[in-house]
Amino acid sequence: MASLLSRGFRPVFLYPLPLFTKRVPGVFYCKSKSTEAPTITQEKPLPSENRSSSQKPNTSLNLLQDYEAIIGIETHVQLSTLSKAFCSCPNNYGAQPNTNICPVCMGLPGALPVLNSKVIEFAVKVGLALNSELSFNSKFDRKQYFYPDLPKGYQISQFDIPIAKGGYIDVDLPVELGGGHRRFGITRVHMEEDAGKLLHSDNGTDSQVDLNRAGVPLLEIVSEPDMRTGIEAAEYGAELQRLVRYLGVSNGNMQEGSLRCDVNVSVRPIGQPKFGTKVEIKNLNSFSAINRAIDYEISRQVELHRQGQADQIVQETRLWEEGSQKTITMRKKEGLADYRYFPEPDLLEVILTEDYVDNICKSLPELPEMRRRRYEKMGLNMQDVLLLANDSTVAEFFDATIAKGADPKLATNWLMSDIAAYMKDKKVSINEVKLTPTELAELIASIQNGTISGKIGKEVLFELIAKGGTVKGIIKEKNLILDPVEIEKMVDKVLSANPTQVEQYRGGKTKLQAFFAGQIMKESKGKANPGLLNKILLEKLNG
């Protein structure tokens, strides 16, 4: 039947198809460019996560010393297109239930899907960023299953020819979690549509269906089973989130369901080549939850192995309960045969051309991994590197600041301390503060050259963040620097009050200069220009 349905397919060309050479039959291969080869560091032992005493079973090094966990993740990424995947309904989160729907996303008879070309563009971007092989000739398939929020009774997805396959993603683990570099393989990336959403009543007596989400474009990214701990899995998910945000293909908000991770966990005795029975965990709405759910599930399976009850581990889907901090059975896991895949007869094949892929490849931004390696070359420590590169907007602000001549380490200190604290307190992003990279660079230079003190610098900074303006303008407006005459009077006052120290200085104890400068700065309440202050002070002491 599948062969009959596929007859007469005419491919949709996104761009005119020029002659080009295929490296491998059926695939177009392109890697995102990186000038740096990542350094693979020796894996360090990872600290065990603290748990409440009520959480059982309990992970311990003694429990896990004879067993190895095998972890893979299926990540669904909602794409930030203006309209849905196969119709013109708006793709916006938070609308009133069933207001962004039409006959196509409602699955009404006779309604035909039309592919949104932006979905293809975003899929190619992600495939390239993950160093994957792109299929230049791919198709859609129907994945059959029944659920109340799936009005058609099937999901449009990709089965045997995904848009991208293979590849990898590089992750730097946080220093406080053991540090080190990991590379996790990618199995495939494929396009599909999202289902609707069930809204359950508080008393549990009934459920309502909201189809606003039905037909929203998704990318499913399937990892290789390369992870071994909850920490690694959580950091893999966080790196994917950074990647899609850098690319601008999704906001990656887990709270909105824009990024959803389903984790597959199995354990096996160390040295056994065969994988253990795989269990899928759902309902993971934070990276912390991913870490804790995996730790719990590893412990549960290891305990069953140790008790001789490994046959009690069955292939199933389990839910993570945040309240009880444990996984519970949801349903037995379906196999591929249950979905009865066959080619989608209402959609044509998708053809990628070499020019189309090359143009997207050239448009890719600097990705998180490349940016971290560049920051390392500047001499920044790994903790600063990870903090800066975590948010592309903060990283761009930092890059613009050092482009104006600011010292990278000093710029990092200001961004990661006072500026970050302000943003956290006011719940704003770096793009919402009034401070500009130019003025932050000017502020750092003013402190470095002694025009203002660090104390006055902070006062100027908070004014710049809240109200904007220029460093020089704020200093003048608030009279934050004393004129030379006033500074000279303060120098005379401090020297007159400390005649013994003056004699000691003139007798050879020149380190007392710092003492006098501190007293004068205190007298001026931090408003004296440090450079001018020291010049006048030395003239008086050596005169």
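Residues numbered from 1 in each chain as written. Predicted model: local features only at pLDDT ≥ 70, side-chain atom pairs only at ≥ 80, totals over all residues. Heavy atoms only, no water.

J.: What am I meant to see in the pattern of salt bridges here?
T.: Oppositely charged side chains may form a pair once their charged atoms are brought near each other. Overall, the coordinates contain 36 salt bridges when judged by the stated rule. For E239, the salt bridge identified is with R242, shortest N-O distance 2.8 Å. With E239 and R242 both in helix α5 (residues 230–247), this residue pair falls three residues apart, about one helical turn. You'll find E239 and R242 in the same group, each marked buried. Overlapping salt bridges bring together D172, E239, R242, E369, R372, R373 and E376 as one network. (Salt bridge = Lys/Arg side-chain N within 4 Å of Asp/Glu carboxyl O. Helix = DSSP H or I, 4+ residues; strand = E, 2+ residues; numbered from the N terminus. Buried < 20%, exposed > 50% of the residue type's maximum accessible area, 1.4 Å probe, protein only.)

J.: Sorry, what's going on with the nonpolar core here?
T.: As a rule of thumb, nonpolar side chains are buried together in soluble globular proteins. Core analysis: the biggest nonpolar cluster contains 77 residues, and L130, V189, I221, Y236, I290 and L352 have the highest contact counts within it. When residues no more than four places from it in sequence are discounted, the contact partners of Y236 are I73, T75, I169, V171, F184, I186, I221, S223 and M227. Grouped together as the second largest cluster of nonpolar side chains are 34 residues, L380, F398, I402 and M423 included. (Core = buried A, V, L, I, M, F, W, Y, C linked by side-chain atoms within 4.5 Å. Contact = heavy atoms within 4.5 Å.)

J.: How should I be thinking about helix α14 (residues 454–467) in this particular structure?
T.: A turn of α-helix holds 3.6 residues, and therefore any two residues three or four places apart point the same way. Taking 1.5 Å of rise per residue, the 14 residues of α14 would be expected to cover 20 Å, and the 20 Å separating its terminal C-alpha atoms lies within 8% of that figure. Looking only at α14, the buried set comprises I456, G457, V460, L461, E463, L464 and I465. Looking at the buried residues of α14, the elements they touch are α12 (408–426), α13 (437–448) and α15 (471–477). (Expected span 1.5 Å × (residues − 1).)

J.: Please explain the environment of E376 as it appears in this structure.
T.: Turning to its location among the elements, E376 is positioned in helix α9 (residues 368–377). Distance from E376 to L386, taken between C-alpha atoms, is 9.8 Å for residues ten residues apart in sequence. When sequence neighbours within four positions are dropped, the list of residues in contact with E376 reads M382 and V385. One polar contact links E376 to R373, side chain to side chain, over a distance of 2.8 Å. (Polar contact = N/O pair within 3.5 Å; in protein donor to acceptor, adjacent residues only side chain to side chain.)

J.: Please clarify how the side chain of R372 should be interpreted in this entry.
T.: Along the chain, R372 falls in helix α9. Within the structure, R372 has its side chain in polar contact with the backbone oxygen of D170 (distance 3.4 Å). R372 has contacts with D170, V171, D172, E239, R242, V385, L386 and A389, leaving out every residue within four places of it along the chain.

J.: Can you help me understand the pairing of strand β3 (residues 67–78) in this one?
T.: Note on strand geometry: in a regular strand, side chains alternate between the two faces of the sheet. Summarising burial for β3: eleven of the twelve residues are buried, a large majority. Sheet topology places β3 next to strand β14 (residues 259–269); eleven bridges connect them, and they run antiparallel. The partner of V77 across the bridge, within β14, is L259. (Pairing = 2+ DSSP bridges.)

J.: Whenever I open this one, the packing of α5 against α9 confuses me. Can you help?
T.: Packed helices, taken two at a time, are described by the angle between their axes plus the distance between the axes. Two numbers describe how α5 lies on α9: the axes approach to 9 Å, and their chain directions differ by 100°. The angle between α5 and α9 places the two elements in the roughly perpendicular class. Taking contact as the criterion, the partners of E239, R242, L243 and Y246 in α5 are, on α9, P368, E369, R371 and R372. (Axes fitted to C-alpha atoms, helices over the stretch in contact; angles between N-to-C directions. Parallel < 35°, antiparallel > 145°, perpendicular 65-115°, else oblique.)

J.: Explain the pairing of strand β16 (residues 316–321) to me, please; I cannot follow it from the model alone.
T.: Of the strand pairs in this sheet, strand β15 (residues 279–282) and β16 are connected by three bridges, and their pairing is parallel. Along β16, the bridge assignment pairs K282 with L319. With helix α6 (residues 287–306) bridging β15 and the parallel β16, this β-α-β connection has left-handed handedness. Here β16 runs beside strand β17 (residues 326–332); their pairing, made up of six bridges, is antiparallel. Its bridge partner lying in β17, L319 is registered against I328. Hairpin connection between β16 and β17: a loop of four residues separates the two successive antiparallel strands, and Q325 in this loop has a positive phi of roughly 55°. (Right-handed = clockwise from strand over helix to strand, strands pointing away.)

J.: What is the right way to read the environment of V302 from this model?
T.: Among the structural elements, V302 can be located in helix α6. Look at V302 and you get buried, because its relative accessible area is 0%. Taking C-alpha positions, V302 is 6.8 Å from V267, a pair spaced 35 residues apart along the chain.

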